[in-house]
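Examination of the molecular architecture
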Amino acid sequence: MSDEGWVWGFGLATTAEDGTVLDTWYPEPEVGRIPLGLDPAMPPDELERLAVPDARRGVTIDVVALEIELAASPTSTSDAYLRLHALSHRLVAPNEVNLDGVFGHLPTVAWTNAGPMHPDTVTRMRPFLVRDGIQVQGLDKFPRLLDYVTPPGVRIADASRVRLGAYLSPGTTVMHEGFVNFNAGTLGQSMVEGRISQGVVVGDGSDIGGGASIMGTLSGGGTHQISVGSRTLLGANAGIGISLGDDCIVEAGLYVTAGSKILLVDEPAHADGSPATVKGSQLSGADGMLFRRNSVTGAVEAVRRAGAGVTLNEALHA
């Protein structure tokens, strides 16, 4: 059977007192299936040494060995975590792994500076946690990327702003207000000062400006998975609900959605004198477009532009 479309790894699974698997950490996942002759019951010694209970958090830690087919749906918490690790280790790109039903396999966890805990355990053991200096940093289904994976060649100013399952290419900088969700990320050097939602990919050399937003598909955002091409600028506090091609610019503060009525400045007017307009969805993915708002009429305009788009600071993204 072919090894393509599979990922495997040894991991450490954290389990709460009630049997809930809280997470699984895979230090070195690999593409393919568990190699022939490798005994899953014989994990690396360094993992065995770490598989010890932590009474402070009310958890046990056990070694697991798992292989998953990326095209199949997740079947367990450890399965879901291996998929997220595969993305953040750059073994697969966003939207290349089946994550259908992933939320059902990810319990809500109390993430602490000592590791994951069951939320009920936090309530019961709070005085002891305070005594031991253990602080809850969040309650969520997804952990922070940097608590599990340190992607080479990447800068992340605030660890809480990037989730495990984010795919960040070398040369990417995520500034303090930038955010990258799971199953989303950058395909080359990029500046991220805005929000990259689930399913969104950003091309090489592009800049997501401060406060900018890109619609995802998780909550009322439709089904179109948005992409941003290369050398494209999404201005500060701008937003898009359509894809952008290469060498595009969206003016600061402008939100372009699939239903936006956009005036085509470069196109001749209709026979009756009315301006040429289209919906935003008709320009989705087009290269070399400048989207702006007319400061006199308030109309959203699209202008074809020539030449390359933005140029990132080479020293900043080296």
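Residues numbered from 1 in each chain as written. Predicted model: local features only at pLDDT ≥ 70, side-chain atom pairs only at ≥ 80, totals over all residues. Heavy atoms only, no water.

**Some points on the layout of surface pockets**
The condition is simple: The distinction between a cavity and a pocket rests on a 1 Å grid over the protein atoms alone: a 1.4 Å probe fits inside a cavity but cannot get out, while a pocket stays open yet meets protein on both sides within 12 Å along at least five of seven lines, and a residue with an atom within 4 Å of a point counts as lining. Grid points are joined across faces, edges and corners, and a volume is the space filled by probe spheres set on the points. Each helix corresponds to a stretch of at least 4 residues labelled H or I by DSSP, and each strand to a stretch of at least 2 residues labelled E; elements are numbered beginning at the N terminus. All amino acids are sorted into three groups, where Ala, Val, Leu, Ile, Met, Phe, Trp, Tyr, Cys and Pro are nonpolar, Asp, Glu, Lys and Arg are charged, and the leftover types, Gly among them, are polar.
Estimated volume of the largest pocket: approximately 350 Å³. If you go around the largest pocket, you meet 17 residues; those closest to its centre are Asp23, Gly115, Pro116, Asp147 and Tyr148. The set of elements that each furnish at least two residues to the lining of the largest pocket consists of strand S1 (6-16), strand S2 (21-25), strand S5 (109-112) and strand S6 (115-117). Each residue belonging to the lining of the largest pocket can be placed in one class, and the counts come to eight nonpolar, five polar and four charged. A volume near 250 Å³ is recorded for the second largest pocket. Around the second largest pocket, the lining comprises 13 residues; the ones closest to its centre are Asp140, Phe142, Pro143, Arg144 and Ser160. Per-element accounting of the lining of the second largest pocket gives the leading share, four residues, to strand S7 (residues 136-140). By residue class, the composition of the lining of the second largest pocket is six nonpolar, three polar and four charged.

**With respect to the UniProt feature "active site" (unreviewed entry) in the chain**
Defined as follows: UniProt positions are given in the numbering used here, feature names are shortened, and annotations may be inferred rather than shown by experiment. Residue contacts follow a heavy-atom distance rule, with two residues in contact if any of their heavy atoms lie within 4.5 Å.
In the UniProt entry, the feature "active site" (unreviewed entry) is given for Glu193. Checked against the element boundaries, Glu193 lands in the loop between strand S13 (190-192) and strand S14 (195-196). In this view, Glu193 contacts Met175, Glu177, Gly178, Asp207, Ile208, Gly209, Gly210 and Gly211; residues no more than four positions away in its chain are not counted.

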